[in-house]
Each structure stands twice: as C-alpha cells, then as structure tokens.
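What follows is the residue order along each chain.
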Amino acid sequence: MRRTRTRIAVVLAGTAALATAIGLASTAQAATTLGASAADKGRYFGTAVANYKLSDATYSGILDREFNMITPENEMKWDATEPNQGQFSYGSADAIVAHANAHGQRMRGHALAWYSQQPGWAQNMSGTALRNAMVNHITNVAGHYKGKIYAWDVVNEAFADGGSGGRRDSNLQRTGNDWIEVAFQTARAADPGAKLCYNDYNTDGINAKSTGVYNMVKDFKSRGVPIDCVGFQSHINSGSPLTSDYQANLQRFADLGVDVQITELDIAYSGTQQASAYATVTKACLAVSRCTGITVWGIRDSDSWRSSDNPLLFDGNGNKKAAYTSTLDALNGGSTSSPPPVSTSPSRSTSPSPSTSPSNPGGGQGCTATTSVNQWQGGFVVTVRVTAGSTINGWTVGLALPSGATVTNSWNVTRSGNNWSNVSYNGHVNAGQYTEFGFQGTGTAGTLTPTCSGS
Ligand code: G3I
C-alpha cells in the first residue's frame, strides 16, 4: 500500500503578464466578502453547512455571498454515510456537494474515521472486523467523492486530552496503534487527488496534546505515510482559550512539510474580545505561508452547535457582527505579498521534502495559467490556476499532456482536446483573482506549459 510519492510543486514565476496580474490585485480595492478577501491572499474562507438549512434563503444567501469552501457539519460522518454495514447513504452529503458545485465552492470532507458518531453496528465491533469495516468505509466514501474533495479529515480527534500526549482510547485505537496510518493509506488509494488531513481540538497552542500530534506527523513524514495537512479545530472558549503561541504552533507543523488549516473555528467570547480574537486567528493564518484557509463552524450564532455562546460571525438574523468586520479587516490588511503557490516545499523540513520545478505560467489576453502537479508512480493530479489580469467572463487554457498520459477524470472544467475551458459557474473571474480546475490521470504528467486566453 505504501507508495513512493513525488510531489512536484510548481512555483509561480515572474512573467510580465503575471506581474501585471499581481500588481492589479495588490492595488485593487479591498474585497468585501470573506471568501474574496481570503482568495486575494491565496486562501479560502469556509463554513460548516447543514444540508437541511440550505432551503433557508437567509442562510444560503450568506453562504453563497461570503464562503468559498464548505464542510458538511454531519452529513459525511460514518453514521450518516453507512447507517447499515455495507449500505451507503449519500443523499444529504451529495446535496451539499451539488450546492458547492453550483456556486463555485470547494469541499472539505469530514470525517472518515472517528471514535464518535459511529453507526451502532460499528460501535459494537472490535479487532479485525472493525479494522476491515473502517478500511471498507474509507474506500467507499472517499471513492464515492473521488475528485470532488479538496481535503479530507481522514482521522478526527484520535489524541487524548490532558498531559499524556498519547492516543485517546477508543474501539478504533484498540484495533492497533497503526489504525491511523492504515486510514491515511486507504484514503490515498481511494482518492489520490485529495489532501489528507489529521484533525483535532485543543491542539491550537503548543501543549502536550498538540505535541503528541506533532510527533505523529513527524513520524509519518519520515516513514512516507501519506499525510498532507493538519486541521486545527479552534473551538475557542474560556476553558480552552486562545493562547499567544497560536501562530507558532501552526508554524511548527508547517515546518514539518504539511499544510495547516483552521477547520472548525468558533470563539465563545463576546463583543470586542471576540472580534479581537477572530482577527488574531486570521492574522496567524495569513502569517503562515502553508496555512491554506479558515473554516468557521457555522454561519449564524443560531446555527452553532453551541448557540448559547454566540460564537460565530453573524447574529441570529444574519447580520454581520463586530467579529465579522474584524475578520474581514484582518484578511484585507494581512500579508500583501502575492498569493502563495498552491503547494510549496517547506523552508525547513525534518522529513523528505517535495522537489520543486520551475513554473510554467502561460499568459494570453486577460489571464495567465499555472500548474501544480502531484505525481506518483503511475499517476498524477494536476491543479491549474487561472488568474485574471483584467476581469474576464470566460477562459480557455491550452494544455497538452505528453504521450502516454491519459486523463481519467476532471473537475471544474470542460475539455476539448488540448483546450480546457470554464464551466458555467467559474468563467467570471475578477481582475487579480483566480479560479482553479483540475484533472487526474495515469502515466506521467511531465513538464506542462499552459497558455491562457480570456474573453
Ligand atoms: O438530526 C437529529 C434529529 O433528528 C434529532 O431529533 C436530534 C435529537 O438529539 O438529533 C439530531 O442530530 C444531531 C445532529 O448534531 C444534527 O443536529 C445529533 O443529536 C447531535 O449529536 C449532532 O451534533 C453534532 C456533533 O458534532 C456530534 O458529535 C454537531 O451538529 C456538530 O456541530 C458537531 O461537530 C463536531 C465535529 O464533527 C468534530 N469536532 C467537534 C465539533 C463540535 O462538537
């Protein structure tokens, strides 16, 4: 199952066309929504979504205006997707994915293997039967959503609270300490294009629990266990407050060669203290180049799993709170450097670092295209970023693959031979902003030289 992976991170290089695009981005008026402002900084801004709320016009109106990443709050969990062993149920989760596709939003998948929210039949299992059930579950669910998920929380909350820094006891843990790496290997085989994350809470500062996770990630990287990212839930409250080492903790994980993401942010403070804490978290993400985005755990305070704490960015009526404004301001006033590449090699790494190759930005009227290639033996995933120099309403990327390379599936794009064009929801790109599409294939992607033409 173990495979040798070579990640080729393609870094944006300075062509005149691209410099023009970035120049426009930095001088353009600050964006006015969380998603657009985060995109200006090369990040996403997401929220947890409950499928049954999508018919609420206020809810979906805010969702589609402000957010460009979605995590299903409960709909992709084990109890929801496999209520009876071997019988998979994707209706609610599929509806969220369809909503995301229709509105140009990407998806975080949550969560493949977790001690909690297991269906009753799995709760009663142990040993080899449970291990096999977990593998079958991951294979089916990650396989069902193959090509549609930006990042999966493969394993959720596997470490114990308190000072031990060790694993949490659970039926999964009792199947053997290697259950986490088996889960990651299984997820990689099922959806090679998804980033694979470990996700936990109370790991938001430097403490015994986060150090336990840190040591696991370091070990995984040194042994080639596939892990791409670590999620920091960041359920902040007086019992689990925001600490001054929040950014340093993100950075130490990034230095291991993984992306970091803030995955379930909510802050149970009030008034200016809450607004200030949201700004601090946002600035911390912007300051860590491998922090790829922030997700809040719900839209309005009334949508929160702990609604009495009013921990979110919109009040129960959908009005923007002070915390919303401070978050948006932090996004707009954060790093003024150009967006980081989709994938970068760490500046310091204690594990095998990905190799990099020069970028191949291609420019034509109105847009430039750059590629990021994730190559492994026999297969690859290519992510193509289309950046608009001036506002465009459609684009076509010219991109030829070497002989022997075959595309098996693609997303956010329509293809005609070597021409890759926008679909209905991602043709309009404002000046200085970008959209991304991708495809998966067999063989070797090689060095790609995309061109871009906007209309
Ligand atoms: O849908 C049923 C409803 O039919 C029933 O009447 C009602 C009775 O209790 O329950 C409803 O389901 C609830 C579900 O949320 C949907 O609202 C479950 O009981 C409740 O347990 C479930 O809570 C979720 C919780 O995870 C479960 O662990 C929260 O919505 C969800 O926000 C929360 O999310 C977790 C992340 O997955 C992991 N990190 C922590 C985070 C917050 O706890």
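Data block above holds the structure.
Residues numbered from 1 in each chain as written. Predicted model: local features only at pLDDT ≥ 70, side-chain atom pairs only at ≥ 80, totals over all residues. Heavy atoms only, no water.

**What about the overall build of the protein?**
Just so we agree on the cut-off: We count a stretch as a helix when DSSP gives it H or I for four or more residues in a row; a strand needs E for two or more, and each element gets its number in order from the N terminus. Between buried and exposed lies partly exposed: a residue is buried under 20% and exposed over 50% of the maximum accessible area for its type, with that area taken using a 1.4 Å probe on protein chains only. Contact definition: two residues touch when any of their heavy atoms are within 4.5 Å.
The helix and strand tally for the protein stands at twelve helices and 20 strands. Taken over 455 residues, the protein has a buried fraction of 58%. In the protein, of all internal contacts separated by at least 6 residues, the share reaching a separation of at least 24 is 78%.

**Structural notes on the packing of aromatic side chains**
What counts is decided by this rule: In this scheme Phe, Tyr and Trp rings, the latter by its six-membered ring, pair at centre separations within 6.5 Å, and the angle between planes marks the pair as stacked below 30 degrees, edge-to-face above 60, and tilted otherwise.
This model, assessed by the stated rule, comprises 14 aromatic pairs. On the numbers, 5.9 Å between centres and 85 degrees between planes, the contact of phenylalanine 159 with tyrosine 198 is edge-to-face. Here tyrosine 198 lies in strand E6 (residues 195-200) and phenylalanine 159 lies in the loop between strand E5 (151-156) and helix H8 (179-190), a separation of 39 residues in the sequence. Using a relative accessible area of 4% as the deciding quantity, one classes phenylalanine 159 as buried. According to the relative accessible area criterion, tyrosine 198 is buried, its value standing at 0%. Residues tryptophan 420 and phenylalanine 437 carry aromatic rings whose centres are separated by 6.0 Å and whose planes lie at 20 degrees to one another, so their mutual orientation is stacked.

**Digging into the environment of glutamine 251**
Topologically, glutamine 251 is positioned in helix H10 (residues 246-254). Distance from glutamine 251 to serine 289, taken between C-alpha atoms, is 8.6 Å for residues 38 residues apart in sequence. Ignoring anything within four residues of it in the chain, the contact list for glutamine 251 reads Ala287 and Val288.

**A closer look at the nonpolar core**
Spelled out, the test is: Here, the term nonpolar core denotes a set of buried Ala, Val, Leu, Ile, Met, Phe, Trp, Tyr and Cys residues that are joined through side-chain atoms within 4.5 Å.
Core analysis: the largest hydrophobic core is formed by 87 residues, its most contacted members being Trp152, Val155 and Phe184. Broken down by element, this core gets its largest block of residues, seven residues, from H8. With residues near it in sequence (within four places) discarded, tryptophan 152 still touches Met76, Gly109, His110, Ala111, Leu112, Val141, Ala142, Tyr145, Ala194, Lys195, Leu196 and Cys197. Counting 22 residues, the second largest nonpolar core, distinct from the first, contains Val373, Ala388, Val397 and Leu448.

**Some words on the site of the ligand**
So the rule is basically this: When we say a residue is near a molecule or strand, we mean one of its heavy atoms is within 4 Å of it. N or O atoms closer than or at 3.5 Å make up a polar contact, with two conditions inside protein: a donor-capable atom paired with an acceptor-capable one, and, for residues adjacent in sequence, both atoms drawn from side chains. Accessible areas in this description were obtained via Shrake-Rupley with a 1.4 Å probe; residue shielding takes into account the shown protein chains only. Residues were grouped as follows: Ala, Val, Leu, Ile, Met, Phe, Trp, Tyr, Cys and Pro as nonpolar; Asp, Glu, Lys and Arg as charged; and all remaining residues, including Gly, as polar.
Close to the ligand lie 13 residues, the nearest being Glu73, Lys77, His110, Glu157 and Glu264. At a separation of 3.1 Å, an oxygen atom of the ligand approaches a polar side-chain atom of glutamine 117. Protein chains shield 46% of the accessible area of the ligand, which is 780 Å² for the free molecule. The class makeup of the residues in the shell around the ligand is three nonpolar, six polar and four charged.

**Concerning the state of the cysteines**
This is how the line gets drawn: When two cysteine sulfur atoms are found within 2.5 Å, that pair is recorded as a disulfide.
Going through the model one piece at a time under the given rule, you end up with three disulfides. Between the sulfur atoms of cysteine 197 and its disulfide mate cysteine 229 the distance is 2.1 Å. Sign of the S-S torsion, about -90 degrees for the bond between cysteine 197 and cysteine 229, identifies this disulfide as left-handed. You can see cysteine 197 sitting in strand E6 and its partner cysteine 229 sitting in strand E7 (residues 229-232), a full 32 residues away along the chain. Comparing cysteine 197 with cysteine 229, the two get one shared label, buried. Each sulfur in the disulfide pair cysteine 367 and cysteine 452 lies 2.1 Å from the other.

**Some points on the sheet that holds strand E18 (residues 419-421)**
Two orientations exist for strands paired in a sheet by backbone hydrogen bonds: parallel and antiparallel. We count it as follows: Only when DSSP finds a minimum of two bridges between them are two strands counted as paired. Lines fitted to C-alpha atoms define the axes here, with helix axes fitted over just the stretch in contact, and angles between the N-to-C directions of these axes take values from 0 to 180 degrees.
Read from one edge of the open sheet, four strands run E17-E18-E15-E20, paired in antiparallel fashion. Bordering the open sheet on either side are strand E17 (414-416) and strand E20 (451-454), each of which pairs with just one other strand. In this sheet, neighbouring strand axes are inclined to one another by 25 degrees on average, regardless of whether the strands run parallel or antiparallel. Judged from the three bridges that link them, strand E15 (residues 395-398) and E18 form a sheet pairing that is antiparallel. Bridge pairing links valine 397 to tryptophan 420 in E18.

**Brief notes about the environment of asparagine 140**
By the secondary structure assignment, asparagine 140 is in helix H7 (residues 127-144). In this structure, the C-alpha to C-alpha distance between asparagine 140 and alanine 187, residues 47 residues apart in sequence, is 9.5 Å. Setting aside chain neighbours within four positions, we find asparagine 140 in contact with Phe88 and Tyr90.

**What to know about the pairing of E7**
Cut-off, in case you're wondering: Look down the strands so they point away from you; if going from the first strand over the helix to the second traces a clockwise path, that crossover is right-handed.
Along E7, one buried face is formed by Cys229 and Gly231 and the opposite face, lined by Val230 and Phe232, is buried too. Summarising the sheet, E6 and E7 pair through four bridges and their orientation is parallel. Directly across from tyrosine 198, in E7, lies its bridge partner valine 230. Chirality of the crossover, the property in question, places the unit of E6, helix H9 (residues 208-223) and E7 among those that are right-handed.

**Concerning unusual backbone geometry**
Of the consecutive residues histidine 110 and alanine 111, the connecting peptide bond is found in the cis state with omega at 0 degrees. Relative to the assigned elements, alanine 111 resides in strand E4 (residues 106-114). A positive phi angle, near 50 degrees, is found at glutamine 117, a position not held by glycine. Relative to the helices and strands, glutamine 117 resides in the loop between E4 and helix H6 (120-123).

By themselves, these observations are geometric and do not establish any function.
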